[in-house]
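Listed below are the residues making up each chain.
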Amino acid sequence: MATYTTEIASDKLVSDNPIHQRLLKAYIAAKPLVKGDLLEVGCGEGRGVTELLNAVDSYLGLDKIQEVIDKLQAKYPSVSFKQAVIPPFENIPSDSFDTVVSFQVIEHIENDRLFLEEIYRVLKPGGKAIISTPNIRHTLSRNPWHIREYTPNQLKTLCKEVFDQVNAMGIGGNQKVWDYHEANRMSVNKIMRFDVFKLQYRLPAVLLRWPYEVLNRLNRNKLHQQQGKSVTDITHEDYLLVDHPDQGLDLFYVLEKKRY
């Protein structure tokens, strides 16, 4: 039986539904933008394969977990998958892909500049990369699985150092989404009031992962019990692609490599 961390968020767990739909929205928003040969960096459970495969000519998915790769390869035998710890993107030639997507990955990468440089390298001239990551302005507590999180301007500045054009947008939501987010914020604050010494910001991340998982799972289950349909009825259509990243729960940036 699969074990789903709160960091992954699964479509198999009802209490994860708002997060799953939020992650799914990034792929749906990216669908009109992808074409040709596609690389997904951090393919996870395969949301991208399901949503994007029919919009491209070829699909290569990278993930660091071999078990994930094996399951995806069995499910999608016509698609290519590779286990990889990145960056760099070893054994991937430069100028190889028309599109690169990488959602909820850069916050896990120690050398985020090299990560973006590698995406730029493997893009064909005129290619596009689409990335998403949490907007730290709406983060409710420290996530010990993340190396860092970004403000919209921080990520835009970093991307502009590497890419020739940056279109900064966000994944926001309608009132249903923000009502859930507010209920989540209030619930998390009730838990965080016991952290009087702000240990979440002082302790090494590795020591916080187990309690984060336990408390986060309990919190999501509690919200499901209390909120009912406001948890189960949220769909990707309730999440909106917004022009200004400040309005997004997640940052959604389209990065372009110039034609030579």
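Bear in mind that the values here come from a model prediction, so they are computed numbers and not experimental data.

### Description of the overall build of the chain
Here's step 1: Broken down by element type, the chain carries 9 helices and 8 strands.
Here's step 2: By the compact-globule yardstick of 18 Å for 260 residues, the chain fits well, its C-alpha radius of gyration being 18 Å.
Here's step 3: Along the first, second and third principal axes, the C-alpha atoms of the chain reach 55 × 40 × 35 Å.
Here's step 4: A buried classification covers 50% of the 260 residues belonging to the chain.
Here's step 5: Pairs at least 24 residues apart make up 75% of the contacts formed inside the chain by residues separated by at least 6 positions.
Here's step 6: Summed over its atoms, the accessible surface of the chain is roughly 13,200 Å², and 53% of this surface lies on carbon and sulfur atoms.
Here's step 7: If you average the places of the 33 positive and of the 33 negative side-chain charges in the chain, the two averages end up 4 Å apart.

### Some words on the sheet that holds strand β7 (residues 239-242)
Here's step 1: Taken in spatial order, the 8 strands line up as β3-β2-β1-β4-β5-β8-β6-β7 in an open sheet, and their pairing is mixed. In this open sheet, the two edge strands, each paired with only one partner strand, are β3 (80-83) and β7. Each strand of the sheet is rotated relative to its neighbour by a mean of 20 degrees, with strand direction disregarded.
Here's step 2: In terms of strand pairing, strand β4 (residues 97-103) meets strand β5 (residues 123-134) through 6 bridges, oriented parallel.

### Things to note about the packing of helix α6 (residues 175-192) against helix α8 (residues 205-227)
Here's step 1: Between α6 and α8, whose axes approach to 10 Å, the crossing angle comes to 130 degrees. With respect to each other, α6 and α8 are oriented oblique. Note that α6 runs across α8; the crossing there is right-handed. Counted together, Y180, A183, N184, S187, V188 and I191 of α6 and L215, N219, K222, L223 and Q227 of α8 form the full contact between these two elements.
Here's step 2: When the residues that make up the contact of α6 with α8 are grouped by side-chain class, the tally is 6 nonpolar, 4 polar and 1 charged.

### Concerning the nonpolar core
Here's step 1: Among the nonpolar cores identified, the biggest contains 32 residues, and F115, L116 and F163 are the most heavily contacted of them.
Here's step 2: Among the elements of the structure, β1 (37-41), β2 (58-63), β4, α4 (112-122), β5, α5 (152-160), β6 (165-173) and β8 (250-256) are those that each provide at least two residues to this core.
Here's step 3: Every residue in contact with L116, bar those within four places of it in the chain, is listed here: I106, I131, L158, C159, V162, F163 and L255.
Here's step 4: Ranked by size, the runner-up nonpolar core spans 31 residues in total, among them C43, L52, L72 and L249.

### So, a nonpolar patch on the surface
Here's step 1: Side chains of V196, F197, L199, L203, V206 and L207 sit close together on the surface and give an oily, nonpolar patch of about 590 Å² of accessible area.
Here's step 2: Along the chain, the position of V196 falls in the loop between α6 and α7 (199-202).
Here's step 3: Residue V196 is classed as exposed on the basis of its relative accessible area, which comes to 59%.

### Things to note about the UniProt feature "domain: Methyltransferase type" (unreviewed entry) in the chain
Here's step 1: Residues annotated by UniProt as "domain: Methyltransferase type" (unreviewed entry) correspond here to residues 39-131.
Here's step 2: Structurally, residues 39-131 is divided into 29% helix and 31% strand, and its ends, taken at the C-alpha atoms, are 12 Å apart.

### Concerning the pattern of salt bridges
Here's step 1: For the structure shown, the criterion picks out 13 salt bridges.
Here's step 2: Between E67 and K71 there is a salt bridge, and its shortest N-O distance comes to 3.3 Å. With E67 and K71 both in helix α3 (residues 66-75) and 4 residues apart, the pair spans about one turn of that helix.
Here's step 3: Two residues, R113 and E117, come together in a salt bridge whose shortest N-O distance is 2.8 Å. With R113 and E117 both in helix α4 and 4 residues apart, this pair spans about one turn of that helix.
Here's step 4: Among the residues examined, R113 registers a relative accessible area of 32% and is labelled partly exposed.

### What to know about the packing of aromatic side chains
Here's step 1: For the structure on display, the rule yields 4 aromatic pairs.
Here's step 2: With a centroid separation of 6.2 Å and 80 degrees between ring planes, the pair formed by F89 and F115 is classed as edge-to-face. Remark: F115 occurs in helix α4 and F89 occurs in the loop between β3 and β4; sequence separation between them is 26 residues. Both residues of the pair, F89 and F115, belong to the buried class.
Here's step 3: A connected cluster of aromatic rings, assembled from ring pairs, spans Y27, F103 and F252.
Here's step 4: Taking NZ or CZ as reference, K257 lies 4.9 Å from the ring centre of Y120, over its face.

About the criteria used
Residue indices begin from 1 for each chain and proceed along its sequence in written order. Given that this is a predicted model, residues contribute local features only at a pLDDT of at least 70 and side-chain atom pairs are listed and counted only at 80 or more, while totals for whole chains, interfaces and linings are drawn from all residues. Side-chain descriptors were evaluated using all non-hydrogen atoms of the structure, hydrogens and water having been removed beforehand. Starting at the N terminus, helices and strands are each numbered in turn, a helix being any DSSP run of H or I of at least four residues and a strand any DSSP run of E of at least two. Here the globule rule is a power law, 2.2 Å times the number of residues to the power 0.38, and the radius of gyration is based on C-alpha atoms. Between buried and exposed lies partly exposed: a residue is buried under 20% and exposed over 50% of the maximum accessible area for its type, with that area taken using a 1.4 Å probe on protein chains only. Working rule for contacts: check all heavy atoms of both residues, and any pair within 4.5 Å makes them a contact. Here, Shrake-Rupley sampling with a 1.4 Å probe gives the accessible areas, and only protein chains in the shown set may cover a residue. Charge assignment in this entry is limited to Lys and Arg as positive and Asp and Glu as negative, and neither His nor the chain termini are counted. Lysine's charge is taken at NZ, arginine's at CZ, aspartate's at CG and glutamate's at CD. A pair of strands counts as paired when DSSP detects no fewer than two bridges linking them. Angles here are taken between N-to-C directions and fall from 0 to 180 degrees, while the axes themselves are lines fitted to C-alpha atoms, restricted in helices to the stretch in contact. Any angle between 65 and 115 degrees counts as roughly perpendicular, while under 35 counts as roughly parallel, over 145 as roughly antiparallel, and the rest as oblique. Note on convention: the crossing is left-handed when the near helix lies turned anticlockwise from the far helix by less than a right angle, right-handed when the turn is clockwise. Any residue that is not Ala, Val, Leu, Ile, Met, Phe, Trp, Tyr, Cys, Pro, Asp, Glu, Lys or Arg is counted as polar, Gly included; the first ten are nonpolar and the last four charged. To form a nonpolar core, buried Ala, Val, Leu, Ile, Met, Phe, Trp, Tyr and Cys residues must be joined to one another through side-chain atoms within 4.5 Å. Patch criteria: residues need more than 30% relative accessible area and no salt bridge. Like-charged residues are merged within 9 Å; nonpolar side chains of Val, Leu, Ile, Met, Phe, Trp and Tyr are merged within 5 Å. Definition used for salt bridges: Asp or Glu carboxyl oxygen within 4 Å of a side-chain nitrogen of Lys or Arg. UniProt positions are given in the numbering used here, feature names are shortened, and annotations may be inferred rather than shown by experiment. A pair of Phe, Tyr and Trp rings is counted when the ring centres sit within 6.5 Å of each other, with Trp represented by its six-membered ring. The angle between the planes then sorts it: under 30 degrees is stacked, over 60 is edge-to-face, the rest tilted. Charge over a ring is defined by NZ of Lys or CZ of Arg lying within 6 Å of the ring centre and within 35 degrees of the ring normal.

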